[in-house]
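# Structural overview
Next come the chains, spelled out residue by residue.
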Amino acid sequence: MMLEIKNVKKRFEDHVVLDGISLDVNKGDVVAILGPSGSGKTTFLRCLNFLERADAGEMVFDDRRVDLSKARKDEVTALRRKTAFVFQNYNLFLNKTVLQNVTLGLTLGSKIPKQDAREIAVEALRKVGMAERLDSYPAQLSGGQQQRVAIARGLALRPEIIFFDEPTSALDPELIGEVLSVMRQLAEDGMTMLVVTHEMEFARNVSNKVLFMENGHVVECGPSRAFFENPKSARSREFVNSLASFHQDMPRTAKRI
């Protein structure tokens with residue numbers, strides 16, 4: 001087991017957002033985290049990377065056990081060195097070029113020499129199809145291109161796991177496919193990924209595991225194929241059936257890849 005997550009809890013004042021979320025992740029897993037808006041998906045992901053501090057819970061990562069509510073600064077730093085986080089809205093530095101955006105974390109955070117950082121960055125950008133835009137600024141790129149740069153920035157850190165927080169939600173429909181294509185290739189290359197997403201075709205065809213959440217609880221967790229073809233709980237069946245009806249009603253040209 002690469003990653004074990006046990007009993008994660010989080011509340012904001014009187015509102016319970018996460019109420020005991022657990023998940024096991026093997027190396028190479030692509031876990032699609034699904035559920036209606038407000039179910040706690042993004043908060044769960046942020047707690048795993050300490051962008052939010054959980055109220056309770058435990059993480060075992062490569063046999064290193066950490067209390068999510070009490071993790072020390074050195075423990076947080078050590079875990080973050082093994083992960084990357086891709087945000088909804090790219091989070092690129094607008095005053096820096098594509099190359100500078102990708103190398104910054106390498107030279108400042110990892111203390112890698114500039115020339116080595118450049119080589120690593122160029123290779124990461126090549127993997128996402130952005131190696132020809134090294135000197136471009138974010139404002140000169142489409143949303144899909146900016147998100148691919150953000151993915152390259154994560155890849156350059158050579159993480160063991162990448163967390164994706166709805167990576168296509170800020171994109172126009174015609175740009176979604178290029179980002180999903182990159183993610184599909186990462187999955188084929190064996191990258192371990194946890195993906196909060198509303199892209200059901202991606203969840204069905206690329207992920208191998210689904211975590212379905214609602215109101216801060218795990219409704220169902222298991223293989224993607226079983227979830228979509230034979231969901232166990234009544235709520236999961238309702239969710240899957242609603243997706244099927246939605247896609248049947250959508251014009252073919254509007255369906256997402």
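The structure this text deals with has already been given above.
In this report, the structure presented in the accompanying data block is examined. (Residues numbered from 1 in each chain as written. Predicted model: local features only at pLDDT ≥ 70, side-chain atom pairs only at ≥ 80, totals over all residues. Heavy atoms only, no water.)

### Here's the deal with the overall build of the chain
Condition: The helix count covers DSSP runs of H or I at least four residues long, the strand count covers runs of E at least two residues long, and both are numbered beginning at the N terminus. For a compact globule the rule gives 2.2 Å times the number of residues to the power 0.38, and the radius of gyration it is set against comes from C-alpha atoms. The cut-offs for exposure are 20% and 50% of the maximum accessible area for each residue type, with area from a 1.4 Å probe on protein chains only; residues under the lower value are buried, those over the upper are exposed, and the others partly exposed.
From N to C terminus, the chain includes 9 helices and 10 strands. For 257 residues, the compact-globule formula gives about 18 Å, and the C-alpha radius of gyration of the chain, at 18 Å, lands near that figure. In terms of principal-axis extent, the alpha carbons of the chain reach across some 55 × 50 × 35 Å. Sorting the 257 residues of the chain into buried and exposed places 49% on the buried side.

### Quick look at unusual backbone geometry
Peptide bonds are, in most cases, trans, and in most cases residues other than glycine have a negative phi. With a phi close to 55°, Asn7 is a non-glycine residue in the positive phi region. As for its position among the elements, Asn7 is in strand 1 (residues 3-12). You can call Asn7 partly exposed: its relative accessible area is 38%. Of note, Asp63 is a non-glycine position whose phi angle comes to about 70°, a positive value. Asp63 sits in the exposed class, given a relative accessible area of 76%.

### So, the nonpolar core
Heads up, the rule is: Only buried residues count toward a nonpolar core, which is a set of Ala, Val, Leu, Ile, Met, Phe, Trp, Tyr and Cys residues joined through side-chain atoms within 4.5 Å. Any pair of residues with heavy atoms lying within 4.5 Å of one another is described as a contacting pair.
Grouped together as the largest cluster of nonpolar side chains are 40 residues, with contacts concentrated most on Ile151 and Phe164. With 8 residues, the top contributor of residues to this core is helix 6 (residues 173-188). The contacts of Phe164, once residues within four sequence positions are left out, are Leu45, Val86, Ile151, Met183, Leu186, Met193, Leu194, Val195 and Val196. Counting 31 residues, the second largest nonpolar core, distinct from the first, contains Phe44, Leu45, Met59 and Ala71.

### Looking at the sheet that holds strand 2 (residues 15-25)
For the record, the criterion: Note on pairing: two strands pair once DSSP finds at least 2 bridges between them. Note on geometry: axes are C-alpha line fits, over the in-contact stretch for helices, and angles between N-to-C directions span 0 to 180 degrees.
Reading across the sheet, the 4 strands line up as 2-1-4-5 and stay open at both edges, with antiparallel pairing between neighbours. With one partner strand each, in any of the chains shown, strand 2 and strand 5 (64-67) form the two edges of the open sheet. Ignoring which end each strand starts from, the neighbouring axes of this sheet average 15° apart. In this sheet, strand 5 lies alongside strand 4 (residues 56-61) in antiparallel orientation, the contact comprising 4 bridges. Each bridged residue has a counterpart across the sheet, and for Phe61 the counterpart in strand 5 is Arg64. Most of the contacts of helix 2 (residues 73-80) go to strand 5, to which it runs at about 125°, and overall it touches strand 4 and strand 5.

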